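A look at the structure
As a plain string of letters, each chain reads:
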Amino acid sequence: MSTKRNVLFIMCDQLRFDYLGCSGHPFLKTPNIDRLAQRGVRFRNAYVQSTICGPSRMCVYTGRYVRSHGSSWNGVPLRVGEPTLGDHLKEIGVRNVLVGKTHMVPDREGMARLGIAPESMIGVHVAQCGFEPFERDDGLHPDGPYDPDPAYDDYLRRQGFEADNPWEAWANSAEGDDGELLSGWLLAHADKPARVPEEHSETPYMTRRAIDFIDSAAKDGRPWCLHLSYIKPHWPYIVAAPYHDLYGAADVIPVIRSERERQNPHRVFGAFQNERVAQAFARDGVRQRVIPAYMGLIAQIDDQLGLLFAALEERGLTDDTLIVFTSDHGDYLGDHWLGEKQLFHDVSAKVPLIVVDPSREADATRGTTSDALVELIDLAPTFLDYLGGRPKPHVLEGRSLLPLLHGPAPADWRGYAFSEYDYAFDRIRLALDTPVSGCRLTMVTDGRFKAVFAEGFRPMLYDLLRDPDEFVDLGDDPNYADVRSRLSDAFFTWTRNPRNRITRSDEAVAAKDDAQRHYDRNIESGILIGYWDEADLAAERSLREAYLKSRS
């Protein structure tokens, strides 16, 4: 390896951990992602820190939990001044570049309060979550608050695909027999091909833009961290031909749900089961219509990653580039009588995570899997570590994964993983009559048991060893009181230890310890607390002078 290192950070949106060939899906073919896993480590217990796009991504981009950074739902701005990966990498001369989605909403009120102009260099840095936006595309709501003028819309128009909203009308809609527009938002149309030709659909476009950046970066010369953030396989569940019928109903794996889950469920769980999207996925035939499109979107991503990895190899970058492949959360797809992703069953809260470290130190772990508990907030400290930055444990709440890539897990590796969800913005808050301030859900897992603590309600509890499908809620079972108590203790220990002193490192505080042991350092600034008279003060000053003389 050369001394110049880069990071390629690939994130899909709403990709389940079990919808890859290398994770055991019996029908879905993902050869390029599988080969990536053969070159690195696949983590089988990687959990997101929130199960919805915005908060999950803000955790990844800051290396901090939701309870620390405060962006608790889509559209809740990340406050000005919250340090991001881009801030940490800028300090060591590394570009932090975006191609794709962040779901970031800037804190415009905070920027105005501090006099930061949105179009200024600092304003762009803050508004883009610390990224240099080579090409931002949040999709989903191209006319909304995330990216009101996406370049992808202009690209489609230049190809002749005219519409007020070409992202929706072409890339995410089908065409009926009489030429009518069939919205991809409607699940009934998931089996039809999107109107846009495949080469002009979003995933190939973003892959080409990533390669464009890599080529431009060669002229710039600085090391980089490129965040290629695909918007798929997130809904709308529709994909261009030939991927729309690559899979069919026979390739849909059996649903993970039990009638027991609908019999007197936990009140929060039951409220989510009554949501529109959950009711839709409970209908007969919906999964057989939607999931083949979901699989086609994944197959398209895999094919595009093959092109991207080939481009890295052709440019001689493979041996110097750390590659990470993951997702911001999963997708219920009808499992547990749910749609979307808000709760914490593994199909939602666990994600695929593959990390390839090209250095020789990682040779011993290539092609292996790890069962260590990993959190996505571990990515920021991993990138900083790989790129030569100093550790920042007083700011970054995750841990570098490099030790796990170079050998066995350290003895002090975490024993619990955490995830949070704020359902104040969901309609279930009204159904449950919960105050806005009381809508916090927190998941705690030790890898064997998983607890979900819901303010105002009993906890949920699952035994992942005996009940891997998470059908049986043990939250009020007296036989598991000790387990609930242990996980509750872990939860309260975690809540009591946020990283809020981010302006002074632990090292900076401890650097004064030796002097503190030998004399009162307050006298250096003239703060004289607790002294009786001049003689008392003179004795302390003598101690200071003796200490300083011993250090010279």
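Described below are features of the structure shown in this document.

About the criteria used
- Residues numbered from 1 in each chain as written.
- Predicted model: local features only at pLDDT ≥ 70, side-chain atom pairs only at ≥ 80, totals over all residues.
- Heavy atoms only, no water.
- Core = buried A, V, L, I, M, F, W, Y, C linked by side-chain atoms within 4.5 Å.
- Buried < 20%, exposed > 50% of the residue type's maximum accessible area, 1.4 Å probe, protein only.
- Helix = DSSP H or I, 4+ residues; strand = E, 2+ residues; numbered from the N terminus.
- Contact = heavy atoms within 4.5 Å.
- Polar contact = N/O pair within 3.5 Å; in protein donor to acceptor, adjacent residues only side chain to side chain.
- Expected span 1.5 Å × (residues − 1).
- Pairing = 2+ DSSP bridges.
- Axes fitted to C-alpha atoms, helices over the stretch in contact; angles between N-to-C directions.
- Salt bridge = Lys/Arg side-chain N within 4 Å of Asp/Glu carboxyl O.
- Phe/Tyr/Trp six-rings, centres within 6.5 Å; stacked < 30°, edge-to-face > 60°.
- Lys NZ or Arg CZ within 6 Å of the ring centre and 35° of its normal.
- Disulfide = S-S within 2.5 Å.
- Parallel < 35°, antiparallel > 145°, perpendicular 65-115°, else oblique.
- Nonpolar A, V, L, I, M, F, W, Y, C, P; charged D, E, K, R; others polar.

**A closer look at the nonpolar core**
- Ile10, Tyr19, Leu226, Leu305, Leu308 and Phe325 are the most contacted members of the largest nonpolar core, which has 66 residues in total.
- In terms of residues, this core owes the most to one element, helix α12 (residues 286–314), which gives 15 residues.
- Other than its neighbours up to four places away in sequence, Ile10 contacts Leu228, Tyr230, Leu305, Leu308, Phe309, Ile323, Val324, Phe325 and Thr326.
- With 39 residues, the next largest nonpolar core counts Val60, Leu85, Val324 and Leu379 among its residues.

**Topic: the environment of Arg257**
- The residue Arg257 is located in the loop between β8 (224–233) and α10 (267–273) in this model.
- Through-space distance from the C-alpha of Arg257 to that of Arg79 is 39 Å; in sequence the pair is 178 residues apart.
- If we skip the residues at most four places from it in the chain, Arg257 touches Phe281, Ala282, Arg287, Gly334, His336, Trp337 and Phe471.
- A polar atom in the side chain of Arg257 sits 3.1 Å from the backbone oxygen of Gly334.

**Section: helix α9 (residues 202–220)**
- For α9, built from 19 residues, the straight-helix expectation of 27 Å at 1.5 Å per residue is met to within 8% by its first-to-last C-alpha distance of 27 Å.
- Residues Glu202, Thr203, Pro204, Tyr205, Met206, Thr207, Arg209, Ala210, Ile211, Phe213, Ile214 and Ala217 constitute the buried set of α9.
- Turning to α9, the residues buried within the fold contact β4 (95–100), β5 (132–136), α7 (151–158), α8 (166–171), β8 and α12.

**A look at the sheet that holds strand β13 (residues 417–422)**
- Pairing is antiparallel in the open sheet, where 4 strands are placed in the order β13-β14-β15-β16. Of all strands in the sheet, those with a lone pairing partner are β13 and β16 (460–463), marking the two edges. Pairwise comparison of adjacent strand axes, ignoring direction, gives a mean angle of 15° for this sheet.
- Seen against the sheet, helix α17 (residues 481–495) touches β13, β14 (440–445), β15 (449–454) and β16 and runs at an angle of roughly 60° to β15.

**Some points on helix α2 (residues 53–62)**
- In terms of burial, α2 is largely enclosed, as 10 of its 10 residues are buried.
- Within the span of α2, buried status applies to Cys53, Gly54, Pro55, Ser56, Arg57, Met58, Cys59, Val60, Tyr61 and Thr62.
- Once α2 finishes, Gly63 follows within two positions and takes phi at roughly 70°, a positive value.

**Points about the pattern of salt bridges**
- The final tally for this structure, using the stated rule, is 41 salt bridges.
- The shortest N-O distance in the salt bridge between Arg79 and Glu82 comes to 3.2 Å.
- For Arg79, a relative accessible area of 40% gives the class partly exposed.
- Notably, a salt bridge pairs Glu340 with Lys341, separated by 3.2 Å at the nearest N-O pair. Each member of the pair, Glu340 as well as Lys341, is classed as buried.
- Each member of the salt-bridge network shares a partner with another, and the members are Asp13, Arg57, Lys101 and Asp328.

**Points about the packing of aromatic side chains**
- In this structure the tally under the stated criterion is 23 aromatic pairs.
- Note on Trp185 and Trp235: the rings are 5.6 Å apart at their centroids and 50° apart in plane angle, and the pair reads as tilted. Of the two residues, Trp185 sits in the loop between β7 (181–183) and α9 while Trp235 sits in the loop between β8 and α10, which places them 50 residues apart along the sequence.
- Ring pairs connect the aromatic residues Tyr65, Phe418, Phe453, Phe491, Phe492 and Trp494, which therefore count as one cluster.
- The ring centre of Trp170 lies 3.6 Å from the NZ or CZ of Arg195, which sits over that ring.
- Just above the ring of Trp337 sits the side chain of Arg262; from NZ or CZ to the centre is 3.6 Å.

**So, the pairing of β4**
- Within β4, 6 of the 6 residues are buried, which leaves the element mostly enclosed by the surrounding structure.
- As judged from the 6 bridges shared by β4 and β8, these two strands associate in the parallel manner. Note on β8: the bridge partner recorded for Gly100 is Ser229.
- Of the strand pairs in this sheet, β4 and β5 are connected by 4 bridges, and their pairing is parallel. Paired with Val99 across the two strands is Glu135, which belongs to β5.

**A word on the side chain of His329**
- Looking at where His329 falls in the secondary structure, it is placed in the loop between β9 (321–327) and α13 (346–349).
- Apart from residues no more than four positions distant in its own chain, His329 is found in contact with Asp13, Gln14, Leu15, Val48, Thr51, Ile52, Cys53, Lys341, Ser348 and Val351.

**Observations regarding the state of the cysteines**
- This model, assessed by the stated rule, comprises 0 disulfides.
- Of the cysteine sulfurs around Cys59, a residue in no disulfide, the closest is that of Cys129, at 11 Å.
- The exposure class of Cys59 is buried, given its relative accessible area of 1%.
- The thiol of Cys225 is not disulfide-bonded; the next cysteine sulfur, from Cys129, is found 12 Å away.

**Some words on the sheet that holds strand β11 (residues 368–370)**
- Read from one edge to the other, the open sheet built from 8 strands follows the order β5-β4-β8-β1-β9-β10-β2-β11, with strand pairing classed as mixed. The two strands at the open ends of the sheet, each matched to only one other strand, are β5 and β11. Each strand of the sheet is rotated relative to its neighbour by a mean of 15°, with strand direction disregarded.
- Where strand β1 (residues 6–13) and β9 come together, 7 bridges link them in parallel fashion. Bridge pairing in β9 links Cys12 to Ser327.

**Focus: the packing of helix α1 (residues 31–39) against α12**
- Interaxial distance between α1 and α12 falls to 7 Å at its minimum, and their mutual angle equals 55°. In terms of orientation, α1 and α12 fall into the oblique class. Packed against α1, whose contacting residues are Pro31, Asn32, Ile33 and Leu36, the element α12 presents Asp302, Asp303, Leu305, Gly306 and Phe309 at the interface.
- Among the residues making up the contact of α1 with α12, the classes are represented as 5 nonpolar, 2 polar and 2 charged.

**Some details on the environment of Ala362**
- By secondary structure assignment, the location of Ala362 is in the loop between β10 (353–356) and β11.
- Along the backbone, Ala362 and Tyr230 are 132 residues apart, and their C-alpha atoms lie at a distance of 27 Å.

The analysis is restricted to geometry; functional conclusions fall outside its scope.
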